[in-house]
Amino acid sequence: MPKINGNEIKPNNVLEHSGHLWVVAKVSHVKPGKGGAFAQVEMRNLRTGSKLNERFRSADKVEKVRLEQRTQQFLYESDNMLIFMDSETYEQIELPVDLLGDKRAFLSDGMTLQIEYYELEALNATLPDKVSCTVVETEPIVKGQTAANSFKPALLDNNLKISVPPFIEQGEKVIVSTETMEYVERG
């Protein structure tokens with residue numbers, strides 16, 4: 001694995017540090033009045049999700065890890081495992097449900113995801129940025145309610161509760177951001 005200097009660390013880099021794999025969330029370069037400059041790095045453990053703040057001087061060497069990205073199609077869920085098919089080899093792969101966390105609600109049959117692997121271990125799964133959902137329950141339109149910033153609660157077909165604009169009705173499709181889990185636009 002290539003080693004990089006502490007001052008070359010950038011957000012979204014994956015590093016091997018203290019025997020663990022970390023994804024860099026934030027980097028702040030600090031030049032104190034005394035002593036050498038350093039990078040204050042906020043990282044998240046790819047296996048456990050725990051966070052770590054670490055200082056790296058420019059002379060420090062750290063291993064940058066390259067994850068392999070594979071396009072895989074979701075087939076079904078069975079016994080707390082998600083079954084995917086590799087788009088190139090057509091091989092079926094089982095991954096734990098908790099790999100997606102809260103975003104599991106957005107997963108639908110046939111959806112294509114980018115799954116990142118370190119050697120043979122799946123570490124991260126990326127859903128499409130936006131997905132289409134159907135509103136199954138929301139309050140009816142109230143005549144005369146014109147406040148542009150007033151949102152109302154809505155229950156989606158994936159059991160997720162979000163806020164939608166007042167003009168959205170039950171049965172309508174909406175586009176939802178998988179990152180923020182918020183309403184984006186009508187579907």
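Here the structure is a predicted model, which is why all the values come from computation and not from measurement.

J.: Help me get a handle on the side chain of N13, residues and values and all.
T.: Mapping N13 onto the fold places it in the loop between β1 (3–5) and β2 (14–17). Within the structure, the side chain of N13 is placed 2.8 Å from the backbone nitrogen of K10, a separation counted as a polar contact. Among all residues touching N13, those that are not within four sequence positions of it are I4, E8, W22, V23, V24 and K64.

J.: Go over the packing of aromatic side chains, please, and point to the residues and values.
T.: If you walk through the whole model with that rule in mind, you get 1 aromatic pair. Sitting above the plane of the Y117 ring, R70 keeps its charged end 4.0 Å from the centroid.

J.: Got a sec to walk through the layout of surface pockets? Specific residues and values, please.
T.: Approximately 680 Å³ is the volume found for the largest pocket. Lining the largest pocket are 24 residues, with R44, L99, K103, N124 and A125 positioned closest to its centre. Top contributing element to the lining of the largest pocket by residue count: strand β11 (residues 121–126), with 6 residues. The residue makeup of the lining of the largest pocket, split by class, is 8 nonpolar, 7 polar and 9 charged. Size it by volume and the second largest pocket reaches roughly 280 Å³. Secondary structure elements with two or more residues in the lining of the second largest pocket: β3 (20–30), β4 (38–45) and β6 (61–65). Of all the elements, β3 adds the most residues to the lining of the second largest pocket, at 3 residues.

J.: Talk me through the environment of K152; I want residue IDs and the actual numbers.
T.: Topologically, K152 is positioned in strand β13 (residues 152–156). Beyond its immediate sequence surroundings of up to four residues, K152 is in contact with T138, E139, P140, I141, I162, S163, V164, P165, P166 and I168. Among the polar contacts listed, one links the side chain of K152 to the backbone oxygen of I168, at a separation of 2.9 Å.

So, how was this worked out
Residues numbered from 1 in each chain as written. Predicted model: local features only at pLDDT ≥ 70, side-chain atom pairs only at ≥ 80, totals over all residues. Heavy atoms only, no water. Helix = DSSP H or I, 4+ residues; strand = E, 2+ residues; numbered from the N terminus. Polar contact = N/O pair within 3.5 Å; in protein donor to acceptor, adjacent residues only side chain to side chain. Contact = heavy atoms within 4.5 Å. Phe/Tyr/Trp six-rings, centres within 6.5 Å; stacked < 30°, edge-to-face > 60°. Lys NZ or Arg CZ within 6 Å of the ring centre and 35° of its normal. 1 Å grid on protein atoms, 1.4 Å probe; cavity = no way out; pocket = protein on both sides within 12 Å on 5 of 7 lines; lining within 4 Å. Points joined across faces, edges and corners; volume = space filled by probe spheres on them. Nonpolar A, V, L, I, M, F, W, Y, C, P; charged D, E, K, R; others polar.

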